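Given next are the chains, with one letter for each unit.
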Amino acid sequence: MRLHEYEALDIFEQNGIPVPRRGVAGSMHEALHVAGEIGYPVMLKAQVLVGGRGLAGGIKTASTPDELKEMAEALLNSDIKGLPVHKILVCEKVEVAKELYLGITVDGYSGKPVIVASTEGGMLIEETARTSPEKIAAIHIDPSFGYYPYLSRSLLKMLGLKQQLITAWTDVISQLYAVALRYESLITEINPLVVLPNGGLIAVDAVLEVDDSALSRIRFPLPDRVDRIENPLERRGREIGVTYVDLDGDIGLISSGAGLGMASMDIIGEKMKPSNFLETGGGITADLLYRCMELLMMKPGLRAIFINVYGGINPIHEGAKGVVRYIQEHNVKIPIVAKALGNRQEETWEIFRSGGVHVVTEVATERAIDKLYELVGGN
Amino acid sequence: MSILMNDSTRVIVQGITGRIGSAQTHWMLEYGTKVVGGVTPGKGGSAVEGLPVFDSVEEAVRETGANASVFFVPAAFVLDAFLETIDAGIKLIVIVPEYIPVKDVIRMRDYAIEKGVFALGPTTPGILVPGKGKMGIMPASLFAPGRVGIISRSGTLSYEFAGILSEGHVGQSTVVGMGADPVVLRNLADILELFQEDEGTDGVIVVGEVGGEQEEKAAGFISRRMTKPVAAYIAGRHSPQGKRMGHAGAIVRGSSGTVDGKHEALRAAGAEVLESPIHVAQWAKKHDLK
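Cut-offs applied
- Residues numbered from 1 in each chain as written.
- Chains lettered and ligands numbered in written order.
- Predicted model: local features only at pLDDT ≥ 70, side-chain atom pairs only at ≥ 80, totals over all residues.
- Heavy atoms only, no water.
- Phe/Tyr/Trp six-rings, centres within 6.5 Å; stacked < 30°, edge-to-face > 60°.
- Buried < 20%, exposed > 50% of the residue type's maximum accessible area, 1.4 Å probe, protein only.
- Contact = heavy atoms within 4.5 Å.
- Buried area = accessible area lost by both parts, 1.4 Å probe.
- Salt bridge = Lys/Arg side-chain N within 4 Å of Asp/Glu carboxyl O.
- Polar contact = N/O pair within 3.5 Å; in protein donor to acceptor, adjacent residues only side chain to side chain.
- Helix = DSSP H or I, 4+ residues; strand = E, 2+ residues; numbered from the N terminus.
- Nonpolar A, V, L, I, M, F, W, Y, C, P; charged D, E, K, R; others polar.
- pLDDT = per-residue confidence, 0-100.
- Axes fitted to C-alpha atoms, helices over the stretch in contact; angles between N-to-C directions.
- Parallel < 35°, antiparallel > 145°, perpendicular 65-115°, else oblique.
- Left-handed = near helix turned anticlockwise from the far one by under 90°.
- Pairing = 2+ DSSP bridges.

With respect to the packing of aromatic side chains
Residue and element names in this part refer to chain A. One pass over the structure, following the stated rule, counts seven aromatic pairs over all chains. On the basis of an interplanar angle of 65° and a centroid distance of 5.4 Å, the ring pair of Phe145 and Tyr148 is categorised as edge-to-face. Phe145 sits in the partly exposed class, given a relative accessible area of 44%. Given the relative accessible area of 41%, Tyr148 is considered partly exposed. Seen in terms of ring centroids, Tyr147 and Tyr177 are 4.7 Å apart; in terms of plane orientation they differ by 20°. Their pairing is stacked.

Listed below in structure tokens is the structure:
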């Protein structure tokens, strides 16, 4: 779960990392009030959970109350990369001597936490990583040895910095590493980490993505997880316990695995357009698939549904019962094609057929999607 | 022949008394796997599917001579049980459960590698040697004995590939699920190496997906070490950027881990890139794989 910048800044501050004076506002009047307390100029930052916000026009500077009114109004009525802006962060505009980058993530390949630092912070950090890799230093933390501050000192030495900055920055890294551990985060990032004219450091932005699998054991208060999903269908998916990603096509998809779902999407995408990606994971029941059907049918203009499930850990015959119950109760007329293989497949096919579902018994998903294409009459 | 599992593999099931653990023990036994017992702390002395249940892995090993373990343990208890299993001397571990915190997986991986234990997962369907046995949840009806190895990051796609091959009368030597999490207990190249060395395998299929860098890193191994034909399929070409598709392993972030990037690396290494799972049949035919 990715936290909003204002939430992450609060956590960073509680853990001893210097952050700007700030407040969060949901209206132009609130923004005006916060800015009045901080003093101008202030930065206005759209609170949306997406990267590249600055380049997309989500960050502004206001020098006067009039400017702020206009900018806050505009930001609060805008979308940044498709996400509506409900809140803006109003924060002190600090004087920048230099912008640094600091991030802690997990290197999936080595299976270790990695600390990444660069003297070229700011909005173009990805660009820097590609064009000037020598300006980026990284160090892996050995899981059984753990983190110690000297690791940061040697990391920062690689960047050729003066001792004063190394000392200050090492403190910030140690504090940020403590946050990463405590919140079991997959990404913990400050970009930019600003060097003030007096040599001090301040975190001007904050990214914190908590490992969803660890949410239940984190003992610190975290914001509600379902609340922050903007798309109502995706929110509904989370509520019923499936992964639902809303897309702009008209062919509904239910799969019992992420890989299979992505492969199905890729094949559908050759000739048609998927309406969604829905993956059940390993917990199929009749009720769950009934709710999945309900969720798919909420999308207007759906032309057909493709169900692609394997009975390994999942009782697919139970799932089929839920689908058929939905079809019968709601008199569904659009074509539904199912490919269901594995444990108890024959029983599953019978149930699907009893509800008018077209069953494809070949293994290749391509064949089932050919059938679907034929049933919707091409294109 | 096969990799990882063979005739001397004696399996225990951890979490055998749970709903999924007992059901899957039934399927494993039915497929001919030498399952010799189970472990659920507090349930020692009972029996599941006629097999003895022990309170600890150490007892299970002592009483049954087990040398491999498959996990159906709730995610929150997996780290503890995993360390216990390694300390009891088990050398092959399959972690089926999903939603294990990454911090735990990091610790598990570190300890397993330190102790020379081969572990797969988390979020893996396990290992299946067609006609011989399986550790995990793979639906046996889709597999047939033969000489093609499959390594997959996705459970369901491993079934799809095995099933398409079996339909075309091409069998598999071993099918290995490496797990779908952002950190897995063994990397792709480690498993490729086993297939390269296996006399019963004539060609290998790598089934990957967007996100991470397993396939890119394995490309180096393929070009240096693989003399057997390798085919690769990467799911997720049409996945929207930045959205999570199911498990956390599948996230497209920036330009790393994209389908195109993986294709390029694999092609350059000499692997044959399959645009769709169905193309695996032609690949097998071309290399005369059976």
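Quick notes on the interface of chain A and chain B
The partner chain B presents 55 residues to the 55 residues of chain A that form the contact. Summed over both partners, the interface of chain A with chain B comes to about 4200 Å²; 60% of that surface belongs to carbon and sulfur atoms. Together, Tyr109, Met262 and Ile313 of chain A form the three largest contributors to the area buried by chain A at its contact with chain B, with a combined 17%. Here Lys339 of chain A ties to Glu160 of chain B by a salt bridge, and the two come within 2.8 Å at their closest N and O atoms. Where chain A meets chain B, there are 17 residue pairs in polar contact (both at pLDDT 80 or more). Among the elements of the structure, β7 (98-107), β10 (185-195), β13 (243-246), α8 (258-271), β15 (276-279), β16 (304-311), β17 (336-342) and α12 (365-375) of chain A are those that each provide at least two residues to the side of chain A that touches chain B. The dominant element in the side of chain A that touches chain B, judged by the number of residues it contributes, is α8 of chain A, at ten residues. Split by residue class, the side of chain A that touches chain B holds 22 nonpolar, 19 polar and 14 charged.

Overview of the confidence of the model for chain B
Residue and element names in this part refer to chain B. With 94% of its residues at a pLDDT of 70 or more, chain B has an overall mean of 93. Low confidence marks residues 247-255, where pLDDT is under 50. Its contacts with residues over four positions away, or in another chain, come to 32 contacts. In the model output, the complex is listed with pTM 0.93 alongside ipTM 0.91.

Points about the side chain of Asn314 of chain A
Residue and element names in this part refer to chain A. By the secondary structure assignment, Asn314 is in the loop between β16 and α10 (316-330). Looking at Asn314, its side chain comes within polar contact range of the main-chain nitrogen of Gly283, at 3.3 Å. Discounting residues that sit within four places of it in the chain, Asn314 has contacts with Ser256, Thr280, Gly281, Gly282, Gly283 and Ile284.

Considering the packing of helix α2 (residues 28-38) of chain A against helix α3 (residues 65-76) of chain A
All names here are of chain A. At a closest axis distance of 9 Å, the pairing of α2 and α3 adopts a crossing angle of 140°. In terms of axis orientation, α2 runs oblique to α3. The hand of the α2/α3 crossing is right-handed. Every residue of α3 that contacts α2 at Met28, Ala31, Leu32 and Ala35 is listed here: Pro65, Leu68, Lys69, Ala72, Glu73 and Leu76. Across the contact of α2 with α3, the residue classes tally to eight nonpolar, no polar and two charged.

Things to note about the sheet that holds strand β3 (residues 59-62) of chain A
Residue and element names in this part refer to chain A. Taken together, the four strands give an open sheet; going across it, the order is β1-β6-β2-β3, and neighbouring strands pair in antiparallel fashion. Lying at the two open borders of the sheet, with one neighbouring strand each, are β1 (22-25) and β3. Neighbour-to-neighbour, the strand axes of this sheet turn through a mean angle of 25°, independent of strand direction. Here strand β2 (residues 42-46) runs beside β3; their pairing, made up of four bridges, is antiparallel. Following the sheet pairing, Val42 is matched in β3 by Ala62. Of the strands in this sheet, β1, β2 and β6 (88-92) touch helix α1 (residues 5-14), which is tilted by about 150° from β1. On top of the sheet, α3 reaches β1, β2, β3 and β6; it is set at about 160° to β3, its chief contact.

A word on the side chain of Arg186 of chain B
All names here are of chain B. Among the secondary structure elements, Arg186 is positioned in the loop between β11 (172-177) and α6 (188-197). Taking the relative accessible area as the measure of exposure, Arg186 reaches 17% and is therefore buried. Engagement of the side chain of Arg186 in a polar contact is seen with the backbone oxygen of Val117, the distance being 3.4 Å. Aside from chain neighbours lying at most four places away, what touches Arg186 is Arg109, Val117, Phe118, Ala119 and Met178.

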